[in-house]
Structures are given as C-alpha cells and as structure tokens.
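Chain by chain, the residues:
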Amino acid sequence: MQQYVIGIDIGGTNFRIGMVSQDGSLQNFIKRSSSVLVTGNALEALSKQIDMYLDTYQIRGQVAAMSIGIPSIVSKDKKTIYSTPNLKGFDNLNLADPLQEYFKVPIFIDRDVNFLLQNDIKQLRLNPKSTILGFYVGTGLGNAVYIEGKFYTGKNGSAGELGHIPMYGITRTCACGNVGCSEILCSGKYLEELTRECFPKTSVKNVFKQHADDSRLQKYVTDLAIPIATEVNILDPDTIILAGGVIFMADFPKKLLLKALHERLRKPYPAQNLDIRFSKHTQQSGVLGSADFAWRQISCS
C-alpha cells in the first residue's frame, strides 16, 4: 500500500496541506486561510483540519508521518511552539505530543522557513554539506540558517530569528513585544502599511510596478539589505537564497537590493565570492520541504 507524508505549511496568511510520496510527488494539495486555525483552540482547530483532509482522501492507514512548518520559535526538541507573533493562539503550545498521540504517527515540527530552505536546497541542487542562509520576505522576515549539513537551532531552538534583531533608529514596538525589531520595517506587513499610507489608490501587489522610483519604496528595499548583510558578514556562507512573496512581486527592484547588499558586505570576503540565488516559491514549496524533511528522518531511523 502506498505510503505518504502529510506535509503542512502554516503561514501568517495561508494554511496549506498535501500528501507527498517518498519520490517527492505531491497530491491533493489544499490551501486555505490561516484564519481556520485561530477560531478557538489552536490544537483542536489544526487537528480538525487534518482529520477532514484524511477523511476526504481516505488515507488514514497510509500515513507514514506528518510534518508541520510554522512561523514560530520552536523548542530545541521540536515539540513546543514558543512564540508566533503573526499567528495568534499557538504560543507556548506543545503540538507534537498531542498530535502524535491522536494520529498515532511520527510528528515533525519546525520553523516554516527551515522547511522552505530544505526544499530550496533540493530544488537548486546545492551542496548539502555547505553553509546556506535563506532569507524569506513574506508577511514577516523569515530566516533559516543551515551550517555545514544541518539546520542551526541554538540553545533553545530560537536561532535564526533575524526578523527580531534590533535595528538602530527604530523605536516602534514589534508584535513580539520588543522594541526596534528589523521586521518592523523589513517585512510584507510593513510594505502593506507603507502602501496604504503613501499610495492609497494602489494595490500592494502593484506598488513596485507603479511606484518603483519613489524614494520611500527605495528606502524600503535598501533597508532589507541591512539585516541580510549583517548575518552574511557574521557567518560567511557559501550560498544565500533570497525569496518570499515580496521579492517576487511585480517589478520588485532586485538590482537595487543586490546593490545595497553588496555595499554592506565585508570586502573582500564574503562580498567577492558569495553565491546569491533567487528562488521563486510556489504555494506548494513549504509542503514539499516539510515532507522531504520527514522522509529523510524516516529513512535514517
């Protein structure tokens, strides 16, 4: 009987789920608003969505594991969600143990950006033993740190929270509760705010297409380079990946971002030989990455 991993990608905006076979084939992909998970008890809401999916496609006996990416700080043992600023209801919540007990299959949980980077490494055929940094500008500023063959998590599991490093001159309070986080200015959420205030007659999806030469948008792009260059200068990676919904908006000025980034990188290295890739994601990327991670864990066990 065919076995599948249920890959789940929970974002600040969308909830995505699909079934992925060991050869990487994705079937029955579904996307819904993340609001389906914040209507009450988050654990119950997520379990309900998974139950509905398993029943719809009648695959309860064919699930090898489930793998869930979430825009959160995840504990080092990959069981507990500590903090999810852009998605309410998941803070201080043990997801892995209750889900594993209920569904009776292995449950893998990690930051959504780690699973996006997992998929990028596979799709771009990067050296899996190298050091790779992923920068994902979507609702927030996502960051994944992959050092010489494995994701770096830190002491508590909170490494790679680039969106929540402090930036000089920012006095506003972030959704996480701290003051001055880079995500306040370097995120899709802020771009929407900027569009409403400065270009009220323009849809955010067309803001670069219609106003790319505006100094306020150019500052937004050059500000993005500051946290990215900071991490690159610290870790001296082989490759960095620039991705996310913002970076692939219509007429987003990638050349301006690269120029601002190069100006801030340490010379001669890492500036001189840094491998920079743009990776255009699909709605399925997080689901595929989470499932690929789970299949690799199952194969090694």
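Here is what the cut-offs are and how they apply
- Residues numbered from 1 in each chain as written.
- Predicted model: local features only at pLDDT ≥ 70, side-chain atom pairs only at ≥ 80, totals over all residues.
- Heavy atoms only, no water.
- Helix = DSSP H or I, 4+ residues; strand = E, 2+ residues; numbered from the N terminus.
- Rg over C-alpha atoms; globule rule 2.2 N^0.38 Å.
- Buried < 20%, exposed > 50% of the residue type's maximum accessible area, 1.4 Å probe, protein only.
- Contact = heavy atoms within 4.5 Å.
- Areas by Shrake-Rupley, 256 points an atom, 1.4 Å probe, with all protein chains shown as cover.
- Lys, Arg positive; Asp, Glu negative; His and termini not counted.
- Charge placed at Lys NZ, Arg CZ, Asp CG, Glu CD.
- Pairing = 2+ DSSP bridges.
- Axes fitted to C-alpha atoms, helices over the stretch in contact; angles between N-to-C directions.

*Asks:* I would appreciate a short explanation of the overall build of the chain in the present structure.
*Replies:* Looking only at helices and strands, the chain has eight helices and 13 strands in total. On C-alpha atoms alone, the chain measures out to a radius of gyration of 19 Å, which is about the 19 Å that the 2.2 N^0.38 rule sets for 301 residues. Expressed as a percentage of its 301 residues, the buried residues of the chain come to 53%. A separation of at least 24 residues holds for 61% of the contacts in the chain among residues at least 6 apart in sequence. For the chain, the exposed area adds up to about 14,200 Å²; of that, 48% sits on carbon and sulfur atoms. Taken as two groups, the 33 positive and 28 negative side-chain charges of the chain have centres that lie 3 Å from each other.

*Asks:* Quick question: what am I supposed to make of the sheet that holds strand β13 (residues 275–279) here?
*Replies:* Think of a sheet as strands paired side by side through backbone hydrogen bonds, with each pair either parallel or antiparallel. Pairing in this open sheet of five strands is mixed, and the strands run β11-β10-β9-β12-β13 from one edge to the other. Each end of this open sheet is capped by a strand with a single partner; those strands are β11 (150–151) and β13. For strand β12 (residues 239–243) and β13, the ladder comprises five bridges, and the chain directions are parallel. Within β13, the position partnered with Leu242 by the bridge is Phe278. Against the sheet, helix α6 (residues 215–235) engages β9 (132–137), β10 (141–147) and β12, with an angle of about 160° to β9.

*Asks:* Any chance you could explain unusual backbone geometry here in plain terms?
*Replies:* Residues apart from glycine generally show negative phi values, whereas peptide bonds are mostly found in trans. The peptide bond linking Lys267 to Pro268 adopts the cis configuration, its omega dihedral lying at 0°. For Pro268, the location among the structural elements is in the loop between α7 (254–264) and β13. Here Tyr269 and Pro270 are connected by a cis peptide whose omega angle stands at 10°. Here Pro270 is to be found in the loop between α7 and β13. Positioned with a positive phi, Asp236 is a non-glycine residue whose angle comes to about 50°.

*Asks:* I'm lost on the environment of Leu242 in this one. Help?
*Replies:* Assignment of secondary structure puts Leu242 in strand β12. Relative accessible area serves as the criterion here: at 0%, Leu242 is assigned to the buried category. For the pair Leu242 and Leu99, spaced 143 residues apart in the sequence, the C-alpha separation amounts to 33 Å. What Leu242 contacts, discounting residues up to four positions off in sequence, is Phe135, Ile228, Ile247, Phe248, Leu257, Leu258, Ile276, Arg277, Phe278 and Ser279.

*Asks:* Which parts of the structure should I look at to understand the sheet that holds strand β8 (residues 107–111)?
*Replies:* Read across the open sheet, the five strands follow the order β3-β2-β1-β4-β8; overall the sheet is mixed. Each edge of the sheet is formed by a strand with only one pairing partner; in this case those strands are β3 (26–33) and β8. Looking at each pair of strands side by side, their axes are set apart by 15° on average, direction ignored. Bridge count for strand β1 (residues 4–10) against strand β4 (residues 63–70) is six bridges, and the pairing is parallel. Paired with Gly7 across the two strands is Ser67, which belongs to β4. Lying over the sheet, helix α2 (residues 96–103) contacts β4 and β8, oriented at roughly 150° with respect to β8.

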